[in-house]
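# Examination of the molecular architecture
What follows is the residue order along each chain.
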Amino acid sequence: MAVNIYDTANTLEQQLRETKEFKELQTTYEAMKKNQAAFDLFKDFQEIQMQLSQKQMNGEELSDDEVQKAHDLADQVGNVDEIKALMGKERNLNQLMNDLNQIITKPVQELYRD
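The numbers attached to residues start from 1 for each chain and follow its sequence in the written order. Owing to the predicted nature of the model, reporting of local features is limited to residues with pLDDT of at least 70; listing and counting of side-chain atom pairs is limited to 80 or more, with chain, interface and lining totals taken over all residues. No hydrogens and no water enter the side-chain calculation; it runs on all heavy atoms of the structure.

In plain terms, the rule: UniProt positions are given in the numbering used here, feature names are shortened, and annotations may be inferred rather than shown by experiment.
In the nomenclature of an unreviewed UniProt entry, the protein is known as UPF0342 protein RA086_05935 of Lactiplantibacillus brownii. As stated in UniProt under Sequence similarities (unreviewed entry), the record for the protein gives "Belongs to the UPF0342 family."

Dropping the structure here:
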């Protein structure tokens, strides 16, 4: 019997949406969005992280100003309860995703173990 792994992946995607971890993240994100200052700060933080990550992937040096701005935003983010709660929920979902990745990649890990 042929296996359509994409069907399995699509089923997993739907099941992920039903997990406690995802639902809690979703609820916490919606709550954070109600605090406009927290939401704006969160979006700024995401943007600077994306910019710095892109520069690093391109092999570009990060300026001291960019690094300082990222640190300053991280400090601000760490002082906002709604964002701290969101990051905690992100960690929980990330742990679930890491667990799933270990399960999915088990055949490859076993293959190279010998």
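### Topic: the nonpolar core
Cut-off, in case you're wondering: Nonpolar cores were defined as sets of buried Ala, Val, Leu, Ile, Met, Phe, Trp, Tyr and Cys residues, with membership established by side-chain atoms within 4.5 Å. Only protein chains enter the accessibility calculation, which uses a 1.4 Å probe; a residue whose area is less than 20% of its type maximum is buried, one above 50% is exposed, and one in between is partly exposed. Helix numbers and strand numbers start at the N terminus; a helix is a DSSP run of H or I with at least 4 residues, a strand a run of E with at least 2. We call two residues in contact whenever any of their non-hydrogen atoms come within 4.5 Å of each other.
Core analysis: the biggest nonpolar cluster contains 18 residues, and Met32, Leu41, Ile48 and Ile83 have the highest contact counts within it. Of all the secondary structure elements, the ones that give two or more residues to this core are helix 2 (20–33), helix 3 (36–57), helix 4 (64–77) and helix 5 (81–104). In terms of residues, this core owes the most to one element, helix 3, which gives seven residues. Setting aside residues no more than four positions away along its own chain, Met32 makes contact with Ala38, Phe39, Phe42, Glu82, Ile83 and Leu86.

### Considering the packing of helix 5 against helix 6 (residues 106–113)
The cut-off we apply is this: In this analysis an axis means a line fitted to C-alpha atoms, helices contributing only their contacting stretch, and an angle means the value between N-to-C directions, from 0 to 180 degrees. Roughly parallel means an angle under 35 degrees; roughly antiparallel, over 145; roughly perpendicular, 65 to 115; everything else is oblique. Classes in brief: Ala, Val, Leu, Ile, Met, Phe, Trp, Tyr, Cys and Pro nonpolar; Asp, Glu, Lys and Arg charged; the others, Gly included, polar.
Two elements in contact, helix 5 and helix 6, have axes whose closest approach is 4 Å; the angle formed by their N-to-C orientations is 50°. Of the possible angle classes, the one that applies to helix 5 and helix 6 is oblique. In contact with Gln102, Ile103 and Ile104 of helix 5, helix 6 contributes Lys106, Pro107 and Gln109. Among the residues forming the contact of helix 5 with helix 6, the class breakdown is three nonpolar, two polar and one charged.

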